[in-house]
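# Observations on the three-dimensional arrangement
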Amino acid sequence: MNQQPPSPEKVLSYTLQGIASTAALGAAATHSLFTHIEKGAGTVEEIARAASISVRGAQALLDAMVALELVQVADGKYKNSPEASFYLVEGKPAYLGTHAKMVFSPFGRSFLDLPEVAKTGVSEFEHTADISDNPFWEELVLAIVPLALPVTHALVERLDFSKMASPSMLDIGGGSGIFSVVLLGANKTATATQIDWAAVNRIGERFVAHHGVADRFKTIDGNFHTTDLGDGLYDVIIYSNIAHQESPADNTAMFRKAKKALKPGGVFVISDFVLNDDRTPNHPWTGIFHTFMLLQSKAGATWRQADYRAWLSEAGFHKVEFSPTMSPSTLVLAR
């Protein structure tokens, strides 16, 4: 103890301080505090009244949000930070409040089981990622749209998609349909097919219709593991945020199906959280996300670049490129 110890700030920020910060943000989002502030509620009394919560409770949450620099206060009046205004106001396109509220959902509460699941390596979660009627999908597929947007735009640019001649696209496990919305919007001659569980496809159909490209979009209801993808039908096949919930054997099998379904010269696109070969992350979320898969899947993980190279090579792909994006996701392009 003769030397100056390192600051405990990093450890503290991930312990009780981290728990309280996450819960406070989730509670603020649950009571729509950022939305009420955006609409003009300024004092703690006005915000409490608009949210139908106690003044004491509103003050505690506002103090926490000021500490997290999501809300600013001056002369007793509160206003949203630029980040809160953009991401935490209900009704805005990039709304991430659903993520904040997940801390109180069964998904969030499953982290209480992490010590035991780490010991056994077996998920105890009732609705793992491979369950077709998992109610979590309806909550998740639209919640992740803001996170997918930078990836979809990066893909349009990476493929020079707007200049492709009448490209046909397949989105495996496409969820909300965000890839179809962006790619169809970028190329007026493109068509898109999405395969997913029936309940998820209904969400995707509504989302795509809302963005005005439903006339070039169709869905296939079913389990993509067992559904025939066809032979030589698509110029682009997308496999976004699927690989992390699958086992190595299942990923290899899907990559073989994708290779068969591609037209000659077509490209298979994987979007996922990818570790470097030495297991270091390019973004903190990539490493942290492995705990989600430990809890939420039977055999999923955060996979390394080397894993993707091996599976894609076994499936018949000879050229593999890794392209980082502005988000935690990496685009993997295989030909």
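For the structure itself, consult the block above.
Residues numbered from 1 in each chain as written. Predicted model: local features only at pLDDT ≥ 70, side-chain atom pairs only at ≥ 80, totals over all residues. Heavy atoms only, no water.

### Observations concerning the overall build of the protein
Within the protein, the regular secondary structure consists of 16 helices and nine strands. Its C-alpha radius of gyration of 22 Å places the protein within 12% of the 20 Å reference for a compact globule of 335 residues. Along the first, second and third principal axes, the C-alpha atoms of the protein reach 65 × 55 × 35 Å. Taken over 335 residues, the protein has a buried fraction of 47%. Contacts spanning at least 24 positions in sequence make up 68% of the contacts within the protein whose residues lie at least 6 apart. Carbon and sulfur atoms make up 57% of the accessible area of the protein, which totals about 16,700 Å². Computed over 28 positive and 35 negative side-chain charges, the separation of the two mean positions in the protein equals 4 Å. (Helix = DSSP H or I, 4+ residues; strand = E, 2+ residues; numbered from the N terminus. Rg over C-alpha atoms; globule rule 2.2 N^0.38 Å. Buried < 20%, exposed > 50% of the residue type's maximum accessible area, 1.4 Å probe, protein only. Contact = heavy atoms within 4.5 Å. Areas by Shrake-Rupley, 256 points an atom, 1.4 Å probe, with all protein chains shown as cover. Lys, Arg positive; Asp, Glu negative; His and termini not counted. Charge placed at Lys NZ, Arg CZ, Asp CG, Glu CD.)

### Concerning the packing of helix H2 (residues 16-30) against helix H5 (residues 55-67)
In the contact formed by H2 and H5, the axes pass within 9 Å of each other and the chain directions differ by 120°. The orientation of H2 relative to H5 falls into the category oblique. Between H2 and H5 lies a crossing of left-handed hand. Here Ala-24, Leu-25, Ala-27 and Ala-28 of H2 come into contact with H5, specifically with Leu-61, Ala-64 and Met-65. Of the residues in the contact of H2 with H5, the class split is seven nonpolar, no polar and no charged. (Axes fitted to C-alpha atoms, helices over the stretch in contact; angles between N-to-C directions. Parallel < 35°, antiparallel > 145°, perpendicular 65-115°, else oblique. Left-handed = near helix turned anticlockwise from the far one by under 90°. Nonpolar A, V, L, I, M, F, W, Y, C, P; charged D, E, K, R; others polar.)

### Overview of the nonpolar core
Where a protein is soluble and globular, its nonpolar side chains tend to be buried together. Core analysis: the biggest nonpolar cluster contains 27 residues, and Ile-172, Ile-237, Tyr-239, Phe-255, Phe-268, Tyr-308 and Leu-312 have the highest contact counts within it. Counting only elements with at least two residues in this core, the list comes to strand S3 (168-172), strand S6 (234-240), helix H14 (248-261), strand S7 (262-272), helix H16 (305-314) and strand S9 (330-334). The element contributing the most residues to this core is H14, with four residues. Core analysis: the second largest hydrophobic core is formed by 26 residues, Leu-159, Leu-184, Val-236 and Val-267 among them. (Core = buried A, V, L, I, M, F, W, Y, C linked by side-chain atoms within 4.5 Å.)

### Description of helix H11 (residues 145-159)
Compared with the 21 Å implied by 1.5 Å per residue over 15 residues, the 21 Å span of H11 between its first and last C-alpha is a close match. Taken together, the buried positions of H11 are Val-145, Pro-146, Ala-148, Val-151, Thr-152, Leu-155, Val-156 and Leu-159. Phi turns positive one or two residues past the end of H11, at Asp-160, with a value near 50°. (Expected span 1.5 Å × (residues − 1).)

### Quick word on the pairing of strand S1 (residues 71-74)
One ladder, built from four bridges, connects S1 with strand S2 (residues 77-80); its direction is antiparallel. For Ala-74, the partnering residue across the bridge sits in S2 and is Lys-77. Here S1 folds back onto S2 in antiparallel fashion, the turn holding two residues, of which Asp-75 has a positive phi close to 55°. (Pairing = 2+ DSSP bridges.)

### Quick notes on unusual backbone geometry
The phi angle at Glu-69 is positive, at roughly 65°, despite the residue not being glycine. The phi torsion at Arg-279 lies on the positive side, around 75°, for a residue other than glycine. By the element assignment, Arg-279 lies in the loop between S7 and helix H15 (284-296).

### Digging into the sheet that holds S6
If you trace the seven strands from one edge of the open sheet to the other, you get S5-S4-S3-S6-S7-S9-S8, paired in mixed fashion. At either end of the open sheet lies a strand with only one pairing partner, and these are strand S5 (217-221) and strand S8 (320-324). On average, each strand axis in the sheet is tilted by 20° relative to the strand beside it, whichever way the strands run. Pairing geometry for S7 and S9, over five bridges, is antiparallel. If you follow Ser-271 over to S9, its bridge partner there is Leu-331. Taken strand by strand, helix H12 (residues 178-186) contacts S3, strand S4 (191-196), S5, S6 and S7, and its axis lies near 165° from that of S3.

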